[in-house]
Amino acid sequence: MSTSHVQQVDRVVIRFAGDSGDGMQLTGDRFTAETAVLGNDLSTLPNFPAEIRAPQGTLPGVSSFQVQFADHDVLTPGDAPDVLVAMNPAALKANLGDLPRGATIIADSDEFAKRNLAKVGYESNPLDDDTLESWQVQSVPLTSITVEALADFDLTRKDKQRAKNMFALGLLSWMYNRPTDGTEAFLKAKFGGKPEILEANLAALHAGHAYGETTEAFAVTYEVRPAPMKTGTYRNITGNSAMAYGFVAAAHRAQIPLVLGSYPITPASDLLHALSGLKRFGVTTMQLEDEIAGVGAALGAAFGGSIGLTTTSGPGLALKAETIGLGVSLELPLVIVDVQRGGPSTGLPTKTEQADLLQAMYGRNGESPVAVIAPSSPTDCFDAALEAVRIATTYRTPVIVLSDGYLANGSEPWQVPAVDALPDLRVEQTTEKNGTDDDGNPVFHPYARDTETLARPWAVPGTPGLEHRIGGIEKADVTGNISYDPGNHDHMVRLRQRKIDGIADSVPHLEVDDPTGDARILMLGWGSTYGPITAAVRKVRATGAPIAQAHLRHLNPFPHGLEETLKSYDKVIVPEMNLGQLALLLRGKFLVDVQSHTAVRGLPFTTTELASVITEALDELTHAGLDTASASAPAYSTGASAGLDKLDRRDVLDSAGRVGERPAASRIETTEETR
């Protein structure tokens, strides 16, 4: 038996990569689940192939799953993997460019046959020549060892080969001292009705673990201690699951039924799947024939007294536009979740992007304002769902929630909240007449207004005496009668805008993380850029540079304090996974020349990239002489650049995202650790 040395490390980034049929997503998910049980903080990045059935062993068919786990707060899945598990030549070639020199490659040598090498353009076997001399390569015949381990099972060779991902999982679990109990329980639940398949997968898992123990190839195993976290009950959760649970919790706190009308679309389909399994909590789900039917059913449910919910991605949001506009006119609580993906048109169904902001803001005919919010992390998706329902029911308006593929599929530990700690979302639906006619008789005015929120009454159909007309033609103020009067239309358009603007009075003022108070650069983000921006800011601060940071959850309306914040810094940088949509809105509304940093690669920003952006901005301030007005001005620009240049790639990754506690979802953390 091998006697390996146990090495203590503070963080590790592992990427599992293989053909779309190799089970890399399952392997990564199970490794992540076991890591969460050990108490490590973590963040994941599943990366699915864009083609449903790409030719086996080709670059378009490569599927990967990256996880960073650590003994401290983790904000991103890591810039680059420390370990790459490559199940075939395509997986190696597709991911080698992301691998820093000196990293470990564990490759299934059985798959590096001449035919598979030729598919991806390798003229010779990189495991045998000097192609990989800069990396630590462990060439393991995963396929043949798995088949040999399952020799006693009455399965075809092809079925035995399918278990090699469990062998790889067992090997990595041994290397990083992960338990396998949870995976064993998962396999028993998944394959309980197929005993032979169950036993084969368990045998492969145990064989991989035993291989690590007995082989001489791996002289070191690694241990990552648990991260400090608040006391509580935790579970690993994806953004889509967190959002689904958030909507169910919101419906219970509002004491109003939740009705989902939806049509499957990547990467939002998991919301439909998750909610359809929660019917025991009073959730009604309808998978409709198309996107238009989905939003129509949701709006009808809102008219009927329920919380109307529909889920989609960018292409579906375009199809729902007219009905969302109807929701604006009818002033009903409708929530639309857009899990953004790369576009235009079908675009990149399995990749992430933030390019639907302008569509959410203005993608309807006429003046039709809606509230727009965006979660910042997978766990924040839960809180964003609660906030969306609060706004929709309180102000009787459609609300668009802009998630994205990175948040939807990524996961992190989530502290399960106590039900009593959730906000009280109860609203009163109208049951009595609220006005009088010219003769003084009681009548119902469907467009009378709450003096504080400007919300109109929410009258459930069938309530005696509250019958009223709905439809897309403009309504007269107060009475709700059809009106073609120009003055009334102008009044109603402005009134609906004032109602949306007034939402800002019920959300927190913008909070800025500026510990020293003398930063001249503000990093401003929205949505899923929170993790990479925060990690980059902390990295640069570790060199002595005072950098400020703020993050927007509410995009329409903007929170109070934003204009003053923007105008109080010499330079405002807005990283976005689009071509500068938020920057365009900020420039137009506040006349501030914010600096965009944009990318539409289908992948989230890296910490290193954004740290470099900050460093370049610091240099620009130095060259402009903005920090020479006072002898007491902090020497942060040139010094920060020099300090950052001295850090190699591993150092940047090591120091990203270390704080004592995870920031609360509704605020920006103002304390940091500069390890």
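Residues numbered from 1 in each chain as written. Predicted model: local features only at pLDDT ≥ 70, side-chain atom pairs only at ≥ 80, totals over all residues. Heavy atoms only, no water.

Below, the discussion takes up the packing of helix α11 (residues 291-303) against helix α13 (residues 321-330). Their axes nearest at 9 Å, the elements α11 and α13 cross at an angle of 15 degrees. As far as their axial angle goes, α13 and α11 are roughly parallel. Read as a crossing pair, α11 and α13 show a hand that is right-handed. Between α11, through V295, G296 and L299, and α13, the contact on the second element is made entirely by T323, I324, L326, G327 and L330. Here the residues of the contact of α11 with α13 sort into 5 nonpolar, 3 polar and no charged. (Axes fitted to C-alpha atoms, helices over the stretch in contact; angles between N-to-C directions. Helix = DSSP H or I, 4+ residues; strand = E, 2+ residues; numbered from the N terminus. Parallel < 35°, antiparallel > 145°, perpendicular 65-115°, else oblique. Left-handed = near helix turned anticlockwise from the far one by under 90°. Contact = heavy atoms within 4.5 Å. Nonpolar A, V, L, I, M, F, W, Y, C, P; charged D, E, K, R; others polar.)

Here helix α1 (residues 24-37) contains 14 residues, and its C-alpha end-to-end distance of 20 Å stays within 8% of the 20 Å for a straight helix at 1.5 Å per residue. Positioned one or two residues after α1, G39 has a phi angle of 95 degrees, which is positive. (Expected span 1.5 Å × (residues − 1).)

Within this structure, the stated rule accounts for 20 salt bridges. Between R11 and D82 there is a salt bridge whose closest N-O contact spans 2.9 Å. Remark: D82 occurs in the loop between β4 (62-70) and β5 (83-86) and R11 occurs in strand β2 (residues 11-19); sequence separation between them is 71 residues. R11 sits in the buried class, given a relative accessible area of 0%. When its relative accessible area of 13% is taken as the criterion, D82 is described as buried. Notably, a salt bridge pairs E474 with R496, separated by 3.0 Å at the nearest N-O pair. Here E474, found in the loop between β18 (442-443) and α17 (486-501), pairs with R496, found in helix α17; they are 22 residues apart in sequence, far enough to count as distant. Grouping residues by exposure puts E474 and R496 together as buried. Linked by salt bridges that have partners in common, D108, E111 and K164 make up one network. (Salt bridge = Lys/Arg side-chain N within 4 Å of Asp/Glu carboxyl O. Buried < 20%, exposed > 50% of the residue type's maximum accessible area, 1.4 Å probe, protein only.)

A few words on the packing of aromatic side chains. Summed over all chains, the structure comprises 8 aromatic pairs. Taking the centre distance of 5.8 Å and the plane angle of 55 degrees together, the rings of F167 and Y211 count as tilted. Here F167 is found in helix α6 (residues 164-175), whereas its partner Y211 is found in helix α8 (residues 195-214), with 44 residues between them in sequence. Residue classification places F167 among the buried residues on the basis of a relative accessible area of 0%. Among the residues examined, Y211 registers a relative accessible area of 19% and is labelled buried. Following the ring pairs from residue to residue traces out a cluster consisting of F16, F31, F69, Y176 and Y222. The lysine or arginine in question, K93, covers the ring of Y122, its NZ or CZ lying 5.1 Å from the ring centre. The ring of Y447 carries the charged tip of R456 above its face, separated from the ring centre by 4.7 Å. (Phe/Tyr/Trp six-rings, centres within 6.5 Å; stacked < 30°, edge-to-face > 60°. Lys NZ or Arg CZ within 6 Å of the ring centre and 35° of its normal.)

Once that is clear, we can look at the sheet that holds strand β15 (residues 399-404). Across the sheet, which stays open at both edges, the 7 strands sit in the order β11-β10-β12-β13-β15-β14-β21 with mixed pairing between neighbours. Strand pairing shows two members of the sheet lacking a second neighbour, β11 (283-287) and β21 (554-556), which therefore form its edges. Taking the axes of each pair of neighbouring strands and ignoring which way they run, one obtains an average angle of 20 degrees across the sheet. Two strands pair when backbone bridges link them, and strand β14 (residues 371-373) and β15 are joined in this way by 3 bridges, in the parallel orientation. By the bridge assignment, I373 is partnered in β15 with V401. (Pairing = 2+ DSSP bridges.)

In this model α8 runs 28 Å from its N-terminal to its C-terminal C-alpha over 20 residues, within 8% of the 28 Å that 1.5 Å per residue would give. Within α8, the full set of buried residues consists of L198, A200, N201, L202, A204, L205, A207, G208, Y211 and G212. Taken together, the buried residues of α8 touch β7 (136-140), α4 (142-149), α6 and α7 (181-190).

This part takes up the packing of helix α9 (residues 239-254) against helix α10 (residues 269-276). Between α9 and α10, whose axes approach to 9 Å, the crossing angle comes to 45 degrees. Between α9 and α10, the angle falls in the class oblique. Of the two elements, α9 crosses α10, and the hand of that crossing is right-handed. Of the residues in α10, those in contact with N240, M243, A244 and V248 of α9 are D270, L271, A274 and L275. For the contact of α9 with α10, the residue count by class is 6 nonpolar, 1 polar and 1 charged.

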